[in-house]
Every structure is written in structure tokens, then in C-alpha cells.
Amino acid sequence: MPTTIEVNKQSVETLLGSGKSKPFVIPEYQRPYAWTDEQVETLFEDLWEFTATSGGTERESSYFLGSVVSYENENGEQEIIDGQQRITSLFLLLRAIYTKLVATAASERTAEANNFIGKIEPTIWRTNKLTGMVDFKNILLNSRVVNNDSNEILRSILETGKADENAKDNYSKNYRYFQELFDKHSKENPLMVYQFIYALLNQAILLPIRADTQDTALTIFSTLNDRGLPLSDADIFKAKIYNKLEQDAKKAFIERWKELDEQATDANESIQQLFYYNMFYYRALDKDTKTTTPGVRKYYAANKFERLYKPELLDTLFVILNLWKVVNKGEELEGEDWSKNKKIRQTLDTLASYPNEFWKYPVVIYYVCYRNKANFEKRFALFLNKLLMELMTKYLMTPTINAVKLDILKLNSAIVVSIVPAFEFKVIDMPQLEPYIQNPNRNTVRMLLKTLAYEHQDDLLPAKWEIEHIFPQKWQTNYFPDESDSTIKEKIEHIGNKLPFEKKLNIVAGNGYFKKKKKEYATSKIEITNAMGTSDVMDWNVDSIMKRDIRVSDEVVKILNRWNNEYLNIPGDEEKTELPSEEDLARIEEFKKKGWI
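No experiment lies behind these values; they were computed from the predicted model shown.

K.L.:
Explain the pattern of salt bridges to me, and be specific about the residues and the numbers.
P.N.:
Evaluated as defined, the whole model comprises 25 salt bridges. In this structure, Asp235 and Arg31 form a salt bridge, with 3.3 Å as the shortest nitrogen-oxygen distance. On the criterion of sequence distance, the pair formed by Asp235 in helix α9 (residues 233–244) and Arg31 in the loop between β3 (24–26) and α2 (37–53) is long-range, its members being 204 residues apart. For Asp235, a relative accessible area of 12% puts it in the buried group. Among the ionic contacts, a cluster of salt bridges with common partners joins Lys137, Glu152, Arg155 and Glu159.

Now the structure itself:
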């Protein structure tokens, strides 16, 4: 079905007046009103200056205030997706002007004052079509922002025209400031007052963009919005869940959501990302291995948001967050010994250098499924090593983003049925891997260096370390008279010429350069780098790089083989012991032939 969008520029009077038939709603998922006094002043002063220089009854100019993106919801309301801050401020400004105009006794009002009182009323309230009487309680703007106590304050201000002098909320502060600005300019230039009101109502132009659905409106908003944070799917999910709850459960939900949001931010994650991780967990439970990843909102919206309303959802998001507290922040979780395991933390740190996020999904699923099982710490360590082994070998030989996508999705589904899931990755002959280790794709260098480093130390590498070229990328041309520049450039990028190092050395290669570097290496707290600094090696050249290439590739292959064998030799799932299939037996024989087991 084609998307329908209606765009038609309108004056403030016309647009706000349309609220009589279709009132404006600021929905639950929107953020609270946040305009500052600076933004209030800018709006007012710009409109006043426009009136003085270009607007008013004798001129035909217009002043563009921006766009408003909305759609008509199921209750016949204009649900505002973008522009709610501006619309709210216009309501407050018009209420401030109205309050000033009606403060003068009816018998003493000018014809202009009575005219504009009559013009403003239908932009803020519903009026009786027969009598013209204003229903001050029937306001054309309603804020439903979740957990925002100020919603009632906005309603009260628009109904009564009064704001608490001591209130610190933005509605009250901005309404009082609009009053102050209007009073100030009215005294300084009383002849401009009615011209200003005319310009505000008739010459200040908005561009309403009305979409046929919420999805269309959100898409338009995401495309247009460059002024602040766009609405996330999590904002909409929060509102959906909130509206589904019984009244007595809503407060507790908001408190938990706020706690989740704060903890996620502290862990360098977001609620949006937690929903994304959880989507892969749910897909694994459904045995969904389609390689096309659905959008998060579309996925949770299926079947009338039934996945969103699962009672355990929020608990699962907190569980997923605990994993990332360890990965991202190095936290130790109470009652979870695995989070203190140095080798597990090292493997997770190495996986974090994988060039895309596919590694995260099986890790999340495994943790969610088995964190409370006996022997989880040991099983988790072996699983992570096996995962790293598979991902690293595949990316070394096929450095593309989607090389393991289907394999990962199959693994996700296998995890939920067994604590020792089968890895259906393509088997790679390890000797074929050696040249790819020696001259690796640049996206794998950090993984390789971490793998080497962690074989020789228990501590994590420092938060900030760099890839150090032992033979530097700049050298004196006479240093290698028998080697072409192209050969040197190629060898410099080999793994045998690289180390993890706390800082970068900018020493141009020349006589004695390696001795200078060795002194720096000897101060490193990274074991393999320190070992280079305290070694007997006195010079470093192309031959040195080639020899170290072989040593490094041999060591990496040995590590990967060990990880693979350890995983293949662990006991099966105690809860579901199965005999190996013919396919499994064939693979075991293949592993034996390759010398892996």
C-alpha cells in the first residue's frame, strides 16, 4: 500500500486552529519539554524584529518557524512526532499574550484587543460553535509524556494563565519569561504590540507534514531531523509497554526503565542496543536463521507487539546488560565468578577487536541461557575460545563482513538447545592459514596481537595501546641498499614486524635505531613487547621480520588448534546426551586426519 504524505504550509493561527477537530497530542514516547530561556528569547526577539522590519498588516512577508511532523492516530488526534517543542512554546506564548490582553477590563479594551482575544481563543481551546463561549478546560494540546509530572503543569497554565512563581519546570519558567518579554516590549513600543500579534498569528509560517502512519512519520522525522537526538525505537517501546500495564504497575515500570537506562549508559550501551541483542536471542528461540536482519521496531511490532509484552522482557534486558558491564567496563559481578576469570576477560577483549558485531550475538545468547548452570565458568571459557578460533580463522582467509553471518545464525539456534552447541562453520586446514597470519588483513592485526599477548600474561592490555612497527614505516633509503622500496613496504606490514605497545615511537630507521627502540620496549608492561626489549637481538631487518613471521604464525596455529581440541573434547550436555550422528563421526575422522585430535 503506497505511503501518503500531506504537506501544506500554514500560519500559526490556521495550524493551531486545526486542533478544534483533531487535537494535538505529544505522545508518551516523546522526551519532556526542554526549551531553555535562550531559545524562548530567540523565538520572541526574532518574531519582534521580523514584525518591525518585514511583517505587520502593511507588508506581505512571512517568517518560517520550521516543520511539524505528525500523523493521525487511532483516536483521531494529531500525534506529533517532530516539532513538539516548538508547538508547545507557541501555545505558551499565545497564552501569555492572551493573559495580558484579558487583564484589561472589557469596558476599557480597544477594538484591536478584542479582535485578537477572539483570534487567539480558538488556537488554544475549543469554543462553543453556537455561543462562541470558550471551554478553558478543553485544551487543544495534550502532553502525555511518560513519567513527566509537568504534564499537569502545562494543562494548568493553559487553562488558568497562571504559573507558580517558584516553579522550576520548563513550562512554568518559559511561560513566565514570555510574559516578561511581552510586558517589556509592550512598554517600550506600545504601537508595535498589535502588529506583533498579527504577525505571530498570520505571518509566522509552519510546514505541517502529515503522514498516514506512525512509521512513515518517524521515517520522515529521522530524515529531516538534524537538530537533536532522534526518537529511538526504545522510546516507542517504553510507551507501548507503559500503556499496556495496569495503573498500579506503571510507577514501578518507569523506575526500572530509568534504572536500566542509567546502567546501560554507564556501561557504554543503550536500551536500544539491548533490545537489538535480545532480538537475536528471541530469533534463536524461534530457530530463525534468515540472513536478512529485521529492523528492531518492525521485529517487536509483529503480532501486535506480542514480543514486547512478554513479562520477562525487562529482566532479560538487565541480564544482557550485566554481560556488557564486564566486557565494556571490566566490572566484576556479584555471585558470578566467571566475571573475575582473567582468561575469559582476555578472550572477550580479543573478540571485541573482531571487525563487526556478529560475535556479540552468540555470546549474549550463551550467557542468557546458561549463566546459572553448573560449570558455567569452565564451559563459557571453552565456548568463547572456540568462537574466537572460528571467527578469526574465517576472517583471516575471507575478510568480508558477511562471511560468517549464516554460520552465526545457525550457531545462535544451536546454543539454545545445548550448552555445548555444534559449530557448523566451514573446516579450514590450519597449514593453509599460515600465510594469512604472516601477512594479515589489517582488520585482524589487533586480534592476532591480543591472542599472542594473552598467551604470555594474565593482565588485560592497557586501555590505550597502539600497533607498533618494530621496523618503522619511515626509514633512510640507504639502510637497505639491496632491497627495493616495494619489498620493504610489504614486509613492514607483516605480523612479524608488529607488537602491541603503550605508545608510538617515531624513530626513523637508521644506524642504531633498533637499540633506541629496545630501551623503550624494555619498559613496557606488555610481556611480549618487554621480551623484545630484553632479548639478545641487536639489529632488525627484513630477514628478522621473516623469521619472526614464522614463529608467530606457528604459535597462533598452535593456540587455535588447542582451543579447538579443548572444545571438541568437553563432555556433552548433561541434560540432553546424544550419540554422535554419522555426520559428526565423519567430521571427527576429518579432524584426526588433520592432526587436530
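Having seen the model, we can carry on.
K.L.:
Quick rundown of the nonpolar core? Include the residues and the values.
P.N.:
Ranked by internal contacts, the top residues of the largest apolar core, which has 108 residues, are Phe275, Trp338, Phe380 and Phe383. Top contributing element to this core by residue count: helix α16 (residues 376–397), with 13 residues. Not counting residues within four places of it along the chain, the set of residues in contact with Trp338 comprises Leu323, Val326, Leu333, Ile344, Leu348, Tyr367, Phe376, Glu377 and Phe380. If you look at the next biggest cluster of nonpolar residues, it comprises 54 residues, including Ile80, Ile97, Phe196 and Ile197.

K.L.:
Go over the packing of aromatic side chains with me, naming the residues and quoting the values.
P.N.:
Enumeration according to the criterion identifies 41 aromatic pairs in this entry. An angle of 90° between the planes, with centres 5.3 Å apart, marks the rings of Tyr299 and Tyr300 as edge-to-face. The same class applies to Tyr299 as to Tyr300, namely buried. A ring pair is formed by Phe358 and Tyr361, whose centres lie 6.3 Å apart and whose planes are at 65°; its orientation type is edge-to-face. The same class applies to Phe358 as to Tyr361, namely buried. One aromatic cluster in this structure is built from Trp338, Tyr366, Tyr367, Tyr370, Phe376, Phe380, Phe383, Phe423, Phe425 and Tyr567. Cation over ring: Lys360 sits above Trp324, and NZ or CZ is 5.3 Å from the ring centre.

Conventions and cut-offs
Along each chain, residue indices are assigned from 1 in the same order as the chain's sequence is written. Per-residue local features are limited, in this predicted model, to residues with pLDDT of at least 70; the limit for side-chain atom pairs, both in listing and counting, is 80 or more; totals at the level of whole chains, interfaces and linings are taken over all residues. Only heavy atoms go into the side-chain values, all of them from the structure, while hydrogens and water stay out. Throughout this description, the term salt bridge denotes a Lys or Arg side-chain nitrogen within 4 Å of a carboxyl oxygen of Asp or Glu. Runs of H or I in DSSP of at least four residues are treated as helices and runs of E of at least two as strands, each being numbered from the N terminus. To sort residues, take the accessible area from a 1.4 Å probe on protein chains only and compare it with the maximum for the residue type: under 20% means buried, over 50% means exposed, and anything in between is partly exposed. Nonpolar cores were defined as sets of buried Ala, Val, Leu, Ile, Met, Phe, Trp, Tyr and Cys residues, with membership established by side-chain atoms within 4.5 Å. We call two residues in contact whenever any of their non-hydrogen atoms come within 4.5 Å of each other. Classification of ring pairs rests on two measures: the distance between centres of Phe, Tyr or Trp rings, Trp counted by its six-membered ring, which must be within 6.5 Å, and the angle between planes, read as stacked under 30 degrees, edge-to-face over 60 and tilted in between. In this scheme, the term charge over a ring applies when either NZ of a lysine or CZ of an arginine sits within 6 Å of the ring centre and within 35 degrees of the ring normal.

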